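Per-entry structural report
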Amino acid sequence: MEPSFTLGLEEEYLLVDRRTGDIVPTPPEEMLEACQEQAPGRIQPEFLRCQIEVGTPVCATLAEARAELAALRGTVAGVADRYGLAPIAASTHPFAAWEPQKHTNRDRYNMLARDLGAPARRLMICGMHVHVGIEDDDLRIDLMNQVRYFLPHLLALSTSSPFWRGRDMERRSYRLSVWHELPRTGMPAGFQSYGEYQSHVAALVDAGVIEDATKLWWDIRPSFRFPTLEMRITDICTRLDDAVTVAALYRCLLRMLWRLKLRNVTWRPYKNMLIEENRWRAQRYGLDSGLVDFGQGRIVPYPDLLEEIIELTREDAEHFGCTAEVLRARDILARGTSAHRQVAIHRAALEAGAGEGEALRKVVDWLVEETMVGVEGAGQSTTG
């Protein structure tokens, strides 16, 4: 029986002061309460108080997922605007410092702050998680093993974190550098079955290291709460439609691999040593310098790899009715990801005579505006 391949998207936003462009360490409690009143169960606090998280319900179609995500972005933006704030969909802030940030006073977050120490206080980063419904436990593990190969390709399309504390870090996704300070992150190992996966989780639980599998912060994981395979490697896409495209590609890749399995064919397995080389290349260069095609044994330009993925998943995109969204990946390639555009805005401002602070502020202003592109009916005011 074919899996449901349902969709659920989670996004994390940073809250900025519209007047200064800086992060707001302690946004008003009533702001979060107002958001939750408008979208019960779909908007939550995150680890740091300067963050806010949204999550769509289970969606049968990509169009439904897009509409839900647009509504959630609009809700957060509309409520935040009443308090002179705005959300930005970026995985790092261009110039904010992490030291003043405060974590949310909840049992889970208090425990994380205690267990993780200083690295937890640096988690002023945001990501996008995509859940795809795969009800069979062993199939979920099998597809996780195979789709790992493509995760760097998806990361490269999503990068939005080139700056950290006012510096161009010369990485398209600096978020992963910060994230990697935590334990149990990165690419998961391959597992032979769901039972083997459970036994490994049990070893950590029984030793008192973790409470449950929610503390596995891998690039991809079987969700602990839902019968889904949760992709976590990507930065948050600043533009809504870019997020939808990345989600569509991930969903189509899973169905493509499922189709191969029906013919007793699997994607060639590769050790993490090789997959993580591409993970690094995507983190460092994004779309710019290609990834290694291990079948050919050479670095292949990203546009060629993207065309291969589009062809591999053509049948699946048609099945889901999302061909246009998948093909929109070519648009991302043509104009660049959020990371590319942030760096370009910063450089252009400096070349025009702006000071460093002013140039970085222009990046924030662009992020505020770009976060709302394609979000219909969102209340917002101009930045200045």
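This section reports on the structure supplied with the text. (Residues numbered from 1 in each chain as written. Predicted model: local features only at pLDDT ≥ 70, side-chain atom pairs only at ≥ 80, totals over all residues. Heavy atoms only, no water.)

Taking 1.5 Å of rise per residue, 14 residues should cover 20 Å, and helix 10 (residues 272-285) covers 19 Å from first to last C-alpha, within 8% of that figure. Buried within helix 10 are the following residues: Asn 272, Ile 275, Asn 278, Arg 279, Arg 281, Ala 282 and Gln 283. (Helix = DSSP H or I, 4+ residues; strand = E, 2+ residues; numbered from the N terminus. Expected span 1.5 Å × (residues − 1). Buried < 20%, exposed > 50% of the residue type's maximum accessible area, 1.4 Å probe, protein only.)

Let's shift gears to the pattern of salt bridges. Inspection of every chain in the model, using the stated rule, returns 26 salt bridges. A salt bridge links Arg 66 to Asp 241, with the shortest nitrogen-to-oxygen separation between them at 2.7 Å. Residue Arg 66 is located in helix 2 (residues 62-82), and its partner Asp 241 is located in helix 9 (residues 240-262); the two are separated by 175 residues in the primary sequence. Among the residues examined, Arg 66 registers a relative accessible area of 22% and is labelled partly exposed. A single salt-bridge network, built from bridges that share partners, covers Glu 2, Arg 255, Arg 259, Glu 315 and Asp 316. (Salt bridge = Lys/Arg side-chain N within 4 Å of Asp/Glu carboxyl O.)

Here helix 5 (residues 137-147) crosses helix 9 at 110°, and the two axes come no closer than 10 Å. As far as their axial angle goes, helix 9 and helix 5 are roughly perpendicular. In terms of crossing hand, the pair formed by helix 5 and helix 9 is right-handed. Across the interface between the two elements, Leu 139, Asp 142, Leu 143, Gln 146 and Val 147 from helix 5 touch Tyr 250, Leu 253, Leu 254, Leu 257, Trp 258 and Lys 261 from helix 9. The residue inventory of the contact of helix 5 with helix 9, partitioned by class, reads 8 nonpolar, 1 polar and 2 charged. (Axes fitted to C-alpha atoms, helices over the stretch in contact; angles between N-to-C directions. Parallel < 35°, antiparallel > 145°, perpendicular 65-115°, else oblique. Left-handed = near helix turned anticlockwise from the far one by under 90°. Contact = heavy atoms within 4.5 Å. Nonpolar A, V, L, I, M, F, W, Y, C, P; charged D, E, K, R; others polar.)

Burial of strand 3 (residues 51-55) is extensive: 5 of the 5 residues sit out of reach of the surface. On strand 3, burial covers both faces: Gln 51, Glu 53 and Gly 55 on one face and Ile 52 and Val 54 on the other are all buried. Judged from the 5 bridges that link them, strand 1 (residues 7-17) and strand 3 form a sheet pairing that is antiparallel. Among the inter-strand pairings, Glu 11 is bridged to a residue of strand 3, identified as Val 54. Relative to strand 3, strand 2 (residues 43-45) runs antiparallel, the two being bridged by 3 bridges. Along strand 3, the bridge assignment pairs Pro 45 with Ile 52. Joining the antiparallel neighbours strand 2 and strand 3 is a turn of 5 residues. (Pairing = 2+ DSSP bridges.)

One can find Met 128 in strand 5 (residues 128-133). Judged by its relative accessible area of 0%, Met 128 is buried. Residues Met 128 and Arg 314 lie 186 residues apart in sequence; the distance between their C-alpha atoms is 24 Å. Dropping the residues within four chain positions of it, Met 128 is found in contact with Glu 10, Glu 11, Met 231, Arg 232, Thr 234, Asp 235, Ile 236, Cys 237, Ala 243 and Val 246.

Here the focus is the environment of Thr 371. Within the secondary structure layout, Thr 371 lies in helix 16 (residues 356-371). Among the residues examined, Thr 371 registers a relative accessible area of 1% and is labelled buried. For the pair Thr 371 and Ala 77, spaced 294 residues apart in sequence, the C-alpha to C-alpha distance is 9.3 Å. With sequence-adjacent residues up to four places away left out, Thr 371 is seen in contact with Arg 73, Pro 87, Ile 88, Ala 89 and Thr 238. A polar contact of 2.9 Å, which involves the side chain of Thr 371, links it to the backbone nitrogen of Ala 89. Polar contacts involving the side chain of Thr 371 include one to the main-chain carbonyl oxygen of Leu 367, which spans 2.7 Å. (Polar contact = N/O pair within 3.5 Å; in protein donor to acceptor, adjacent residues only side chain to side chain.)

By the element assignment, Glu 370 lies in helix 16. A relative accessible area of 6% means that Glu 370 is categorised as buried. Engagement of the side chain of Glu 370 in a polar contact is seen with the side chain of Arg 239, the distance being 2.9 Å. When neighbours within four sequence positions are excluded, Glu 370 is seen to be in contact with Thr 238, Arg 239 and Arg 341.

Attention shifts here to the packing of aromatic side chains. Per the counting criterion, the structure on display carries 14 aromatic pairs. A ring pair is formed by Phe 47 and Tyr 109, whose centres lie 5.8 Å apart and whose planes are at 80°; its orientation type is edge-to-face. Of the two residues, Phe 47 is situated in the loop between strand 2 and strand 3 and Tyr 109 in helix 3 (residues 107-116); the sequence distance between them amounts to 62 residues. Relative to Trp 218, the ring of Tyr 197 lies with its centre 6.3 Å away and its plane at 65°, an arrangement referred to as edge-to-face. Taken together, the positions of Tyr 197 in helix 8 (residues 194-206) and Trp 218 in strand 9 (residues 217-218) put the pair 21 residues apart, joining distant regions of the chain. Taken as a pair, Tyr 197 and Trp 218 share a single burial class, namely buried. Site record: aromatic cluster; members linked through ring pairs are Tyr 149, Phe 150, Trp 267, Tyr 270 and Phe 294. Note that Arg 251 overlies the ring of Phe 320, its terminal NZ or CZ placed 3.9 Å from the centroid. (Phe/Tyr/Trp six-rings, centres within 6.5 Å; stacked < 30°, edge-to-face > 60°. Lys NZ or Arg CZ within 6 Å of the ring centre and 35° of its normal.)

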